[in-house]
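# Chains, contacts and geometry: an overview
Chain residues, written in single-letter form:
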2 protein chains.
Amino acid sequence: MSATSREGADRAARLARAAKISSGKLCPADRTTDLLEAIIAPGDRVTIEGDNQKQADFLAAALAKADPARLHDLHMVQSVLALPDHLAVFERGIANRLDFAFAGPQSRKLAELVTNGTVKIGAIHTYLELYARMLVDLTPRVAMIVADKADRNGNLYTGPNTEDTPTIAEAAAFRGGIVVAQVNEIVDRLPRVDISGDWVDFVVPGPKPYAIEPLFTRDPAKVRSENVLMAMMAIAAIYEPYQVRRLNHGIGYATAAIELILPTFAAQRGLKGRVASHFVLNPHPTLIPAIEAGFVDGVYCFGSELGMERYVAARPDVFPIGADGSLRSNRTLAQVAGQYACDMFVGATLQIDASGNSSTATKGRITGFGGAPNMGADPRGRRHDSPTWLRAGREAGESLRGRKLIVQMVQTHQPNGAPSFVERLDAFDLAASAGFALPPIMVYGDDVTHVITEKGVANLLRCRSTQEREAALRAVAGDTEFGKRQSPDRSESLRRRGIVTLPCDLGIDIRTATRDLLTAKTIDDLVTASGGLYAPPAKFRLAVITHA
Amino acid sequence: MSATSREGADRAARLARAAKISSGKLCPADRTTDLLEAIIAPGDRVTIEGDNQKQADFLAAALAKADPARLHDLHMVQSVLALPDHLAVFERGIANRLDFAFAGPQSRKLAELVTNGTVKIGAIHTYLELYARMLVDLTPRVAMIVADKADRNGNLYTGPNTEDTPTIAEAAAFRGGIVVAQVNEIVDRLPRVDISGDWVDFVVPGPKPYAIEPLFTRDPAKVRSENVLMAMMAIAAIYEPYQVRRLNHGIGYATAAIELILPTFAAQRGLKGRVASHFVLNPHPTLIPAIEAGFVDGVYCFGSELGMERYVAARPDVFPIGADGSLRSNRTLAQVAGQYACDMFVGATLQIDASGNSSTATKGRITGFGGAPNMGADPRGRRHDSPTWLRAGREAGESLRGRKLIVQMVQTHQPNGAPSFVERLDAFDLAASAGFALPPIMVYGDDVTHVITEKGVANLLRCRSTQEREAALRAVAGDTEFGKRQSPDRSESLRRRGIVTLPCDLGIDIRTATRDLLTAKTIDDLVTASGGLYAPPAKFRLAVITHA
């Protein structure tokens, strides 16, 4: 028998076993573990959809309940390890190999399981890399995905959080894989088809709605005056002179502050229609006032954000909305858009070293990369030009290329008092203890173009040596040990040469850097700005009550 | 009226006008120009699907026949300008602005139209950049796409050449755009649904099958012994020591020769199962012998290749095949896979300069970039490691990153006798005459890791200065003026340091570098190797006859 017909026969045998459990494509929730035992074989490469936001949690639990005598040595390939069940499959001996991208909530436990040999990691990826490998050499034999609704033919409606689902389904369905979808509801007619039933073998109605987290919501009440000051500097030192129109913001209070002062500070500087017109971004609630002020022409989305559904649906001129009236997001395409259609990425970090490398890694935790590195790097495959990209390239002394702006916003000290600027990143210790070939650096120093602290802006594009770059970083590091190692004279000389810019150099009176500039000061203000369409999740509604 | 409801009303008005022309979603071919005049408005951003391979040629012709008094000032956003009708819309005054990626066959004419002011170019992109911008700021109001079959609900089956269609449809359908598909056939039941009918507004049955070109087929009869020699060097100097498993090949006889000697030369070196196991590549016919020899585990495809349909369908263990039994390709995802899942890109070029920059640009032609730059660049957003990537990084002296291998294969002289190595690229003159901000460089010298000529291999990773890199290039430039400027002593010193490698250093007896190593010497041999499944297009069958 040829490899080809062997593979085909194997798929047919699995489907035949499953046919005894399912009714057509529908599998009852209480038979899910049986279904998985029928379609998965020992040694299989298997994917559980674990996105940044939504989770195929019921399928993850069903797999974790499988009999390790029947299912073992699985190779898990999945974006995010977010749930205890994602690690339970290793602890129970069902799986032993892992390729992944992000393990935020399970990072400490994962490190333990790697240390004691329960989990063998292939590699740690960014999201886009993991999808790429799912298409090439980490193709899944079985993919467990998640959607809002299905019909009896297996057609899926993902709802606004389309996220990774289409890419995972495509990777499996076209490699002879078997695709199982957990859905909240089986309906006769879907609002729209996001994934064709031809790509889906089985549908399981989950006993309760799938887990999803509002990861991108930042309460304006928690934005502090330091955030406002840094946001003003970002706009005055970067958005305005570089004419940044197409951009991506990371998560955090620093970028939330920028979003909240676009209609005040940026508008006062005459920047409406001239900067920040096109975002690649999840529907951050803090973006509502800027959208309502007409500042924003378009937002292309990785995923959605809980509570933003009605507001987003009401602005099809801004968000990617289908004829059915709901958002279609797409993490793969948004990552591509972030990399190739944006002239700037603005992020935040925990630690920056003397080379400008930054990392969120800490010892004893294996967190992975997520998506930020793809956006926080100069895409050397880019060829189209823009005024922003050309100016950045010229400042860097490039004669044949432009540069993407990669901006890191970080207060000199973290909220817990730890200095953000360090001589050596914790990532180096983590790599040594975990046996990684390289330290997990989120954004490399030679990709970073600007670092903003509450003290000032360091323009690394204008630095012509590693020594100069280090000096520019020390100049904005304030009273950290890292900053105090440099003489004020050296910092002043960088300032005279335009490498370091202080608030006063930008015409910013720091006394005006207050919360008064925020167009929304509370979650409730965001609800009001949205015309009542934004419906904050419970944990933020609680904040409203506390605040009031 | 709010912007939102204005936009919605506008779409509704366009669809209402179109309803008088179409019957449901079906529009008769002879009313296509009327349909386009009904759904397009002056000033619209409009996309005609013009892929690397297939073309929405009937829709392009229908648009070119529109009345310029009704349709004018259109902004065309399209991957490829391949057909005269793609420029006719500009000559007839229907469109005046253009954002694109590649204009091979129309490159000279495009340059003329830019010079005389008929076409105003926004920017020249790679494919992936253009798709990214279609999602962000160049969102199309009307998208004209192409597929094999449709049903009456507008569901589309693209067939093996799925290519760009899903991405273009998604970009338009979720921005309130109107999507029109040209198809070869309307059927009651599709083999599979590639694009949901929810994303498609109108379907036009074309009067004849859409245009498609076998761009990736190289006749083994035209592979010369120099190509074989260079292929042997590539395998011995790069594939073997770097253990390259995941890779992408450009188009040309150089890479065709590599594909054809995997089962002979590479197998003799014991490399089966150790190198070239996973490709991101169109189904090159010259890959058939290596697949049949069990050398290749998987091929992920940008598009398909004419004549390869039956062979590809018979190898679902290697190619991405749906449950319906036919290939599903995806140019966007393959570009991502080429960038992030591959450890190596091997390409060919027309000219290389002293910095290692290469270009296929010539004066008087605006060809654009296509897809190669995204793969021919070090993806600095990559974070997962592999033995190949880590070794390349170490050789480059990187302590914190790996490197992607970017290999350029080029004979010292082009077939027309022109030297391939030059002090200055023609791209610089083109940029000056066309008014580009930067010269159109396909692969930048600082991204290139190896250059292979018939004289030897220059390993640029080991060069520690621009002078050393230049010397390494001159050492393999043979008897070109560029090569002769360097003393043999200087080249010999680079050889002693392992920067330059000659065939004899690799254990290659150049007398063995003959066509005898090719596992297929003719198109007919490829047909035989495929078990009769490969059906070469007419122009290659003619070659068979000529050869016989």
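Residues numbered from 1 in each chain as written. Chains lettered and ligands numbered in written order. Predicted model: local features only at pLDDT ≥ 70, side-chain atom pairs only at ≥ 80, totals over all residues. Heavy atoms only, no water.

### Section: the overall build of chain A
In terms of regular secondary structure, chain A is built from 20 helices and 18 strands. Over its C-alpha trace chain A gives a radius of gyration of 24 Å, about what one expects of a compact globule, namely 24 Å for 548 residues. By principal-axis analysis of the C-alpha atoms, chain A measures approximately 75 × 50 × 50 Å. Across the 548 residues that make up chain A, the buried fraction comes to 65%. Long-range pairs, those at least 24 residues apart, make up 74% of the contacts in chain A with a sequence separation of at least 6. If the 63 positive side-chain charges of chain A are averaged to one point and the 61 negative ones to another, these points end up 2 Å apart. (Helix = DSSP H or I, 4+ residues; strand = E, 2+ residues; numbered from the N terminus. Rg over C-alpha atoms; globule rule 2.2 N^0.38 Å. Buried < 20%, exposed > 50% of the residue type's maximum accessible area, 1.4 Å probe, protein only. Contact = heavy atoms within 4.5 Å. Lys, Arg positive; Asp, Glu negative; His and termini not counted. Charge placed at Lys NZ, Arg CZ, Asp CG, Glu CD.)

### Re the sheet that holds strand β15 (residues 405-409) of chain A
As summarised here, the arrangement of the eight strands in space is β11-β10-β9-β12-β15-β16-β17-β18 (chain A), forming an open sheet in which the pairing is mixed. Two strands close off the open sheet at either side, each with one partner strand: β11 (298-300) and β18 (500-501) of chain A. (Pairing = 2+ DSSP bridges.)

### Here's the deal with the interface of chain A and chain B
At the junction of the two partners, chain A supplies 81 residues and chain B supplies 82 residues. Carbon and sulfur atoms supply 59% of the area buried between chain A and chain B, which totals about 6500 Å² over both sides. For chain A, the biggest contributors to the area lost against chain B are A:F174, A:R383 and A:L400; these three give 12% of the whole. Linking chain A to chain B there are 12 salt bridges. A:D447 is paired through a salt bridge with B:R380; the nearest N and O atoms lie 2.9 Å apart. Summed over the shared surface of chain A and chain B, the result is 41 residue pairs in polar contact (both at pLDDT 80 or more). A per-class count over the side of chain A that touches chain B returns 41 nonpolar, 18 polar and 22 charged. (Buried area = accessible area lost by both parts, 1.4 Å probe. Salt bridge = Lys/Arg side-chain N within 4 Å of Asp/Glu carboxyl O. Polar contact = N/O pair within 3.5 Å; in protein donor to acceptor, adjacent residues only side chain to side chain. Nonpolar A, V, L, I, M, F, W, Y, C, P; charged D, E, K, R; others polar.)

### Observations concerning empty space enclosed by the protein
With the rule as written, the count across this model stands at nine cavities of 30 Å³ or more. One number sums up the size of the largest cavity: a volume of about 280 Å³. What lines the largest cavity is a set of 24 residues, among which A:P166, A:E170, A:R328, B:E170 and B:R328 lie closest to the centre. Those elements that provide at least two residues to the lining of the largest cavity are α7 (165-173) and α12 (331-340) of chain A together with α7 (165-173) and α12 (331-340) of chain B. Residues belonging to the lining of the largest cavity are distributed by class as follows: 10 nonpolar, eight polar and six charged. Lining of the second largest cavity is provided by 16 residues; of these, A:Q339, A:P379, B:Q339, B:P379 and B:R380 occupy positions nearest its centre. Going through the elements one at a time, α12 of chain A together with α12 of chain B are the ones with two or more residues in the lining of the second largest cavity. Looking at the lining of the second largest cavity residue by residue, the class counts come to six nonpolar, six polar and four charged. (1 Å grid on protein atoms, 1.4 Å probe; cavity = no way out; pocket = protein on both sides within 12 Å on 5 of 7 lines; lining within 4 Å. Points joined across faces, edges and corners; volume = space filled by probe spheres on them.)

### What about the sheet that holds strand β16 (residues 450-452) of chain B?
Residue and element names in this part refer to chain B. One open sheet accounts for eight strands, arranged β11-β10-β9-β12-β15-β16-β17-β18; its pairing is mixed. Single-partner strands in this sheet number two, and they are β11 (298-300) and β18 (500-501). Here strand β9 (residues 246-249) runs beside strand β12 (residues 344-348); their pairing, made up of three bridges, is parallel. In the sheet register, N248 faces β12, and the bridge partner there is F345.

### So, the pattern of salt bridges
Summed over all chains, the structure comprises 76 salt bridges over all chains. In this structure, the salt-bridge partner of A:R401 is B:D447, at a minimum N-O distance of 2.9 Å. Taken together, the residues A:R401 in the loop between α14 (387-395) and β15 and B:D447 in the loop between α15 (426-434) and β16 connect one chain to another. Residues B:D343 and B:R382 are paired through a salt bridge, measuring 2.8 Å at the closest nitrogen-oxygen approach. One end of the pair, B:D343, is in the loop between α12 and β12; the other, B:R382, is in the loop between α13 (372-375) and α14 (387-395), and 39 residues separate them in sequence. The two residues B:D343 and B:R382 agree in class, both being buried. Among the charged side chains, a network of salt bridges with common partners joins A:E170, B:R192, B:D194, B:D324 and B:R328.

### Overview of the relation of the copies chain A and chain B
Superposing chain A onto chain B takes a rotation of 180° plus a shift of 0.0 Å along the axis, which leaves an RMSD of 0.0 Å. Put plainly, the chains are arranged around a two-fold axis. Of the interface residues in chain A, 100% have counterparts in chain B that sit at the interface too, so the contact is made through matching surfaces. (Least-squares fit on C-alpha atoms with pLDDT ≥ 70 in both.)

### Looking at the confidence of the model for chain A
Parts of the prediction with low pLDDT should not have their coordinates interpreted in detail. Mean pLDDT for chain A: 95, with 97% of residues reaching 70 or above. On the interface metric, ipTM, the complex scores 0.96, and its pTM is 0.97. (pLDDT = per-residue confidence, 0-100.)

### Structural notes on the environment of B:S386
All names here are of chain B. On the secondary structure map, S386 appears in the loop between α13 and α14. Classification of S386 as buried rests on a relative accessible area of 6%. Sequence separation of S386 and R245 is 141 residues, and the distance between their C-alpha atoms is 9.7 Å. Within the structure, S386 has its side chain in polar contact with the side chain of D343 (distance 3.0 Å).

### With respect to helix α15 (residues 426-434) of chain A
Residue and element names in this part refer to chain A. Along α15, the residues that are buried comprise A427, L430 and A431. All buried residues of α15 lie within an arc of 100° about the axis, which places them on one face of the element. One or two positions beyond α15, positive phi appears at G435, with a value near 75°. (Arc of directions from axis to C-beta.)

### Structural notes on unusual backbone geometry
Positive phi, normally seen in glycine, also occurs at A:D73, with a value near 60°. Note that A:D73 resides in the loop between α3 (57-64) and β2 (74-80).

### A word on the side chain of A:R11
Within the fold, A:R11 resides in helix α1 (residues 3-19). With residues near it in sequence (within four places) discarded, A:R11 still touches A:R141, A:G176, A:G177, A:I178, A:D201 and B:A323.

### Digging into the environment of A:G250
All names here are of chain A. Structurally, the position occupied by G250 is in the loop between β9 (246-249) and α9 (253-268). For the pair G250 and G417, spaced 167 residues apart in sequence, the C-alpha separation works out to 22 Å. Setting aside residues up to four positions removed in sequence, G250 forms contacts with T255, H284, F345 and V346.

### As for the packing of aromatic side chains
Summed over all chains, the structure comprises four aromatic pairs over all chains. On the numbers, 5.2 Å between centres and 85° between planes, the contact of A:F174 with A:W199 is edge-to-face. Here A:F174 is found in the loop between α7 and β7 (178-186), whereas its partner A:W199 is found in the loop between β7 and β8 (202-205), with 25 residues between them in sequence. Classification of A:F174 as buried rests on a relative accessible area of 4%. A cation over a ring is seen here: B:R218 above B:Y253, with NZ or CZ 5.8 Å from the ring centre. (Phe/Tyr/Trp six-rings, centres within 6.5 Å; stacked < 30°, edge-to-face > 60°. Lys NZ or Arg CZ within 6 Å of the ring centre and 35° of its normal.)

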